[in-house]
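Commentary on secondary and tertiary structure
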Amino acid sequence: MKYTDRLNTYSYKWDALEREFGSADLIAMWVADMDFECADCIKEALHKYVDDPLGYFATPQEYYDEIIKWEKERHGFDVKKEWISVTPGIVPALYWGVKTYVKPGEAVMINTPVYYPFKNAILAGGCKCVESQLVETGRTYVIDYEKFEKDVIENNVKLYILCNPHNPVGRVWTEDELRKVLEICRRHNVLVISDEIHQDIVDPKLGRKKVTTATVDGGKYQDMIITMAAVSKTFNIAAVQNSFIIIPNPELKDKFDSFLGTYSLDDVNGFGHIATMAAMKGGKEWLDKALDVIYGNYHYMRERFDAELPDVKTFDLEGTYLPWVDFGAYVKTRDELEDLIQGKCKLAIDYGEWFGGPDYAAFARFNLATKREYIETACDRIIAELKK
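What counts, and at which threshold
Residues numbered from 1 in each chain as written. Predicted model: local features only at pLDDT ≥ 70, side-chain atom pairs only at ≥ 80, totals over all residues. Heavy atoms only, no water. Helix = DSSP H or I, 4+ residues; strand = E, 2+ residues; numbered from the N terminus. Expected span 1.5 Å × (residues − 1). Contact = heavy atoms within 4.5 Å. Core = buried A, V, L, I, M, F, W, Y, C linked by side-chain atoms within 4.5 Å. Buried < 20%, exposed > 50% of the residue type's maximum accessible area, 1.4 Å probe, protein only. Pairing = 2+ DSSP bridges. Axes fitted to C-alpha atoms, helices over the stretch in contact; angles between N-to-C directions.

1. Brief notes about helix H4 (residues 61–75)
Here H4 is 15 residues long and its end C-alpha atoms lie 21 Å apart, about the 21 Å a rise of 1.5 Å per residue gives. At its buried positions, H4 is contacted by strand E2 (84–87), helix H9 (232–235), strand E10 (243–246), helix H11 (270–282) and helix H12 (284–308). Note on H4: the residue one or two positions beyond its end, glycine 76, has a positive phi of about 65°.

Encoded structure:
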């Protein structure tokens with residue numbers, strides 16, 4: 001897996017450090033993209049595409065075929081073409097999903113700590129955000145189903161946004177866990193948006209596959225589920241802005257498509273389609289190598305902290321390349337964490353508060369999709385500072 005230096009390449013992760021953190025002299029371990037060179041199959045396809053006039057793009061049948069094949073072979077999800085809508089990313093799709101399915105003032109629920117655009121999308125839609133916290137147990141998190149259902153009932157929740165795999169706690173939810181959540185949602189007529197953008201980033205040594213929410217019990221619940229997926233995280237192609245929204249329920253699908261059409265959001269980016277098709281057709285070997293590097297980096301960091309800073313808790317990373325780390329034995333506030341990680345160690349990370357407020361002020365999310373040298377340097381600096 002070839003590392004590439006992304007400074008001065010218009011990289012938000014690297015070239016926006018001064019603007020976002022007040023210093024360019026940091027190792028960027030925040031924004032969730034990779035520092036690996038793009039797969040050859042994607043580059044070749046895009047080079048070929050730009051040789052032609054870049055006029056309006058018509059989505060080819062091949063695009064749908066590759067998605068259907070990918071979902072079936074990788075995730076056991078039998079998808080039909082008529083279920084698929086296209087958006088320029090899952091974050092805007094979340095905003096549009098809230099606008100489509102929930103009225104202003106109604107309640108939408110999330111499991112905190114969670115990717116912060118979930119809450120932003122809910123509030124932007126004029127809705128009430130219900131934060132049902134995950135429960136920390138050992139080095140992982142679980143769902144408190146009794147509290148989950150209580151939160152649904154007390155707030156008359158209309159929509160639940162699930163993160164599967166979960167960002168930032170790294171859970172790859174089991175079928176039993178998903179079934180329990182879906183049963184509660186069905187009992188109380190709650191629609192489910194399942195963000196599955198990290199679906200292909202799973203530890204090869206986990207010992208089980210990631211379960212697509214819509215496949216639980218053979219698809220028993222898929223009429224109430226809007227699946228949002230992409231290969232942008234999988235193959236590090238976020239810049240081409242392409243995601244696919246899978247909605248088996250025709251009424252829900254029509255509502256979503258109608259919203260897109262009303263605001264002229266249903267046009268497509270040819271670069272995204274070309275890159276997505278090429279990645280799915282020829283990128284599997286590249287992905288296997290990327291996973292080896294990512295989880296090698298994770299186990300290196302965890303082993304270093306366990307051996308040299310046993311009071312730092314590195315949570316299990318079943319999926320994603322974004323480990324969740326608790327520095328609560330050493331710091332209590334966001335300012336203290338920032339002084340340690342950014343001020344002293346010269347690292348740019350995502351702060352725990354962003355994902356769930358003050359309860360997570362001592363937590364940090366790291367991005368390990370980069371070269372080993374940066375992981376070693378980050379560990380060296382943190383260990384040295386906390387041992388002082």
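2. Here's the deal with the nonpolar core
If you look at the biggest cluster of nonpolar residues, it comprises 109 residues, and the most contacted ones within it are Phe327, Phe366 and Ile382. Membership of the second largest hydrophobic core comes to 30 residues, among which are Ala93, Cys129, Ile161 and Ile245.

3. Comments concerning the sheet that holds strand E9 (residues 225–229)
Sheets are built from strands that pair by backbone hydrogen bonding, the pairs being arranged parallel or antiparallel. The sheet built from seven strands is open, its strands ordered E2-E10-E9-E8-E7-E3-E4 with mixed pairing. The open sheet is flanked by E2 and strand E4 (128–131), the only strands paired with a single partner. Across the sheet, the mean angle from the axis of one strand to that of its neighbour is 25°, orientation sign disregarded. The pairing of strand E3 (residues 107–110) with strand E7 (residues 157–163) spans three bridges and is parallel. Paired with alanine 107 across the two strands is valine 157, which belongs to E7. Along the sheet, helix H8 (residues 175–187) contacts E7, strand E8 (191–195) and E9; its crossing angle with E7, the most-contacted strand, is approximately 165°.

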